Amino acid sequence: MDKDVFKQFRYFLKDSVRKRVDFSQTDQNRGIAPPPIEKPYPADALRIDLLKPGELKKIPRMDLATAIRNRQSRRVYRNEPLTPEEVSFLLWATQGVRGEVDGGHAYRTVPSAGCRHAFETYLAILHVNGLDSGVYRYLPLSHQLLYEFSEEWLSSKLVNAAYGQPYPGEAALTFIWTAIPNRMEWRYGLAAHRVIAIDAGHVCQNLYLACEAIGAGTCAIAAYDQEALDRLLRVDGEEEFAIYLASVGKV
Ligand SMILES: Cc1cc2nc3c(=O)[nH]c(=O)nc-3n(C[C@H](O)[C@H](O)[C@H](O)COP(=O)(O)O)c2cc1C
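Residues numbered from 1 in each chain as written. Predicted model: local features only at pLDDT ≥ 70, side-chain atom pairs only at ≥ 80, totals over all residues. Heavy atoms only, no water.

Points about the packing of helix H5 (residues 154-161) against helix H9 (residues 226-233)
Keep this limit in mind: Convention adopted: a line fitted to C-alpha atoms gives each axis, helices being fitted over their contacting stretch, and angles between N-to-C directions are expressed from 0 to 180 degrees. The secondary structure listing takes helices from DSSP runs of H or I that are at least 4 residues long and strands from runs of E that are at least 2 residues long, numbered from the N terminus. To sort the angles, those under 35 degrees are grouped as roughly parallel, those over 145 as roughly antiparallel, those from 65 to 115 as roughly perpendicular, and the leftovers as oblique. Should any heavy atoms of two residues lie within 4.5 Å, those residues are counted as being in contact. For this scheme, ten residues count as nonpolar: Ala, Val, Leu, Ile, Met, Phe, Trp, Tyr, Cys and Pro. Four count as charged, namely Asp, Glu, Lys and Arg, and the remainder, Gly too, count as polar.
One can describe the packing of H5 onto H9 by two numbers: an axis separation of 8 Å at closest approach and a directional angle of 150 degrees. As judged from the angle between their axes, H5 and H9 are roughly antiparallel. Listed contacts from H9 to Leu154, Lys157, Leu158 and Ala161 of H5 are Ala228, Leu229 and Leu232. For the contact of H5 with H9, a count of residues per class yields six nonpolar, no polar and one charged.

A few points about the pairing of strand S7 (residues 173-179)
Inclusion rule: Between buried and exposed lies partly exposed: a residue is buried under 20% and exposed over 50% of the maximum accessible area for its type, with that area taken using a 1.4 Å probe on protein chains only. Following DSSP output, two strands are said to pair if at least two bridges run between them.
Most of S7 sits out of view: seven of its seven residues are buried. Side-chain alternation along S7 places Leu173, Phe175, Trp177 and Ala179 on one buried face and Thr174, Ile176 and Thr178 on a second face that is also buried. Where strand S4 (residues 119-125) meets S7, seven bridges bridge the pair, whose relative direction is antiparallel. Residue pairing for S7: Glu120 is matched across the bridge by Thr178. Note: S7 against strand S9 (residues 241-250), seven bridges, orientation antiparallel.

Observations concerning the site of the ligand
Counted only if it meets this: Only a single heavy atom is needed: when it lies within 4 Å of a molecule or strand, its residue is near that molecule or strand. Polar contact criterion, stated in full: a pair of N or O atoms within 3.5 Å, where within protein one must be able to donate a hydrogen and the other to accept it, and residues adjacent in sequence count only if both atoms are side-chain atoms. Here, Shrake-Rupley sampling with a 1.4 Å probe gives the accessible areas, and only protein chains in the shown set may cover a residue.
Taken together, Arg71, Gln72, Ser73, Arg75, Gln165, Tyr167, Cys219, Ala220, Ile221, Ala222, Ala223 and Tyr244 are the residues near the ligand. Here Gln165 contributes a side-chain N or O atom positioned 2.6 Å from a nitrogen atom of the ligand. Within the contact set of the ligand, an oxygen atom lies 3.3 Å away from a backbone nitrogen or oxygen of Ala223. Coverage of the ligand by the protein amounts to 54% of the 610 Å² it exposes when considered alone. With three residues, strand S8 (residues 216-221) is the single largest residue contributor to the shell around the ligand.

Section: the pattern of salt bridges
This is how the line gets drawn: Each reported salt bridge corresponds to a side-chain nitrogen of Lys or Arg within 4 Å of a carboxyl oxygen of Asp or Glu.
If you walk through the whole model with that rule in mind, you get 13 salt bridges. Across the salt bridge formed by Lys157 and Glu151, the nearest N and O atoms sit 2.6 Å from each other. Residues participating in the shared-partner salt-bridge network are Arg78, Glu80, Glu86 and Lys250.

A short note on the packing of helix H4 (residues 84-95) against helix H8 (residues 192-213)
Put simply, the rule is: By definition, any crossing whose near helix is turned counterclockwise from its far helix by less than a right angle is left-handed, and any crossing with a clockwise turn is right-handed.
With their axes 8 Å apart at the nearest point, H4 and H8 run at an angle of 145 degrees to one another. Crossing angle aside, the handedness with which H4 passes H8 is right-handed. Residues Phe89, Leu90, Ala93, Thr94 and Gln95 of H4 form the contact with H8, whose own contacting residues are Val203, Asn206, Leu207, Ala210, Cys211 and Ala213. The residue makeup of the contact of H4 with H8, split by class, is eight nonpolar, three polar and no charged.

Some points on the layout of surface pockets
To find leftover empty space, one rolls a probe the size of a water molecule over the atoms. Which entries qualify depends on this criterion: Residues are said to line a cavity or pocket when one of their atoms sits within 4 Å of a point; the points come from a 1 Å grid over protein atoms alone, cavities being sets where a 1.4 Å probe fits but cannot get out and pockets being open sets with protein on both sides within 12 Å along at least five of seven lines. Grid points are joined across faces, edges and corners, and a volume is the space filled by probe spheres set on the points.
In this structure, the largest pocket occupies an estimated 440 Å³ of space. Taken together, 19 residues make up the lining of the largest pocket; nearest its centre are Ile59, Phe89, Trp92, Ala210 and Ala213. Mapped onto the lining of the largest pocket, the elements with two or more residues apiece are helix H3 (64-70), H4 and H8.

Here's the deal with a positive patch on the surface
The line we're drawing: To count toward a patch, a residue needs a relative accessible area above 30% and no salt bridge. Like charges then connect within 9 Å, nonpolar side chains (Val, Leu, Ile, Met, Phe, Trp, Tyr) within 5 Å. This count recognises Lys and Arg as positive and Asp and Glu as negative, with His and chain-terminal groups excluded. Lysine's charge is taken at NZ, arginine's at CZ, aspartate's at CG and glutamate's at CD.
The grouping of Lys3, Lys7, Arg10 and Lys14 at the surface amounts to a positive patch. Arg10 sits in the exposed class, given a relative accessible area of 53%.

Digging into H5
Quick note on the threshold: It is the directions from the helix axis to the C-beta atoms whose arc is reported.
Residues of H5 that are buried include every one of Leu154, Leu158, Val159 and Ala161, and no others. What you see down the axis of H5 is that its buried residues fit within an arc of 165 degrees, all on one side. Against S4, strand S5 (134-139), helix H6 (167-170), S7 and H9 lie the buried residues of H5. Phi turns positive one or two residues past the end of H5, at Tyr163, with a value near 55 degrees.

Remarks on the sheet that holds S9
Across the sheet, seven strands lie side by side as S1-S6-S5-S4-S7-S9-S8; this open sheet has antiparallel pairing. Each end of this open sheet is capped by a strand with a single partner; those strands are strand S1 (47-49) and S8. When strand polarity is set aside, the average angle formed by the axes of neighbouring strands in this sheet is 25 degrees. Along the sheet face, H9 touches S4, S5, strand S6 (144-149), S7 and S9 and points at about 75 degrees away from the line of S9.

Things to note about the nonpolar core
This is how the line gets drawn: In this text, buried Ala, Val, Leu, Ile, Met, Phe, Trp, Tyr and Cys residues form a nonpolar core when linked through side-chain atoms within 4.5 Å.
By size, the foremost hydrophobic cluster in this structure holds 46 residues, and its most contacted members are Leu82, Leu90, Leu123, Leu173, Phe175 and Val248. Elements with a contribution of two residues or more to this core: H4, S4, S5, S7, helix H7 (182-188), H8 and S9. Ranked by the residues each element gives to this core, the list is headed by H8, at eleven residues. In terms of nonpolar packing, the next biggest core, distinct from the first, is built from 22 residues, Tyr122, Val135, Ala161 and Ile221 among them.

Coordinates in, geometry out; function isn't part of it.
As structure tokens, then:
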């Protein structure tokens, strides 16, 4: 491979880009209002209340060192549904809002550059007690699950979108994180994209650890067919697009 091509792609990992950004010209510094913290939804959309952290009575206590020690990518799952309580816990652990929402930003259970939190969390649900199979979206501000749509052959479409990797089709559910880059670009301009990618790691690591606590397992998936997955999620692929997945099931 041409060395210059490597150089060009490696540049993405470097923060040298920051020196090229005229921060006085970012949307934030030009006084433009920040984009919404959470993707808007229709007023009549079906929303399901999730259990709040203080209401999670059946989530076992596991000390952090044990969760860290046991964590591994788990690709084989038992044929057992997750409970709504477990789903509430996983969503809170990965993108839950902690504390007050302050104007354009909300602090969460994971860090994010400039507290911009450029992700939306979709759940492709196959087996969760009391929930129909389909695609849902987490609403961190109200800690609810938004029903997006049902999808015929959801499990095989997930497998196809993951280039034939079978675990999303055998999982109880799959997390699919999308990026809305404008949320980060508003503050950082062209220096936004590197930190979006870094942020995704924090979210998925919390999912790994939280899964250990509930006798579940997850496997991060970054190899997927971009266009097929964006189509499946019904996102436009430009202002919002899939960035990372993780299948989840009991182990
Ligand atoms: C960014 C990232 C992308 C990954 N993508 C995939 C993937 O597409 N398919 C897969 O089976 N595993 C994937 N994995 C899981 C890795 O293969 C796994 O973390 C690695 O083999 C180490 O194993 P461990 O997680 O059990 O420590 C990914 C992990 C990360 C962090």
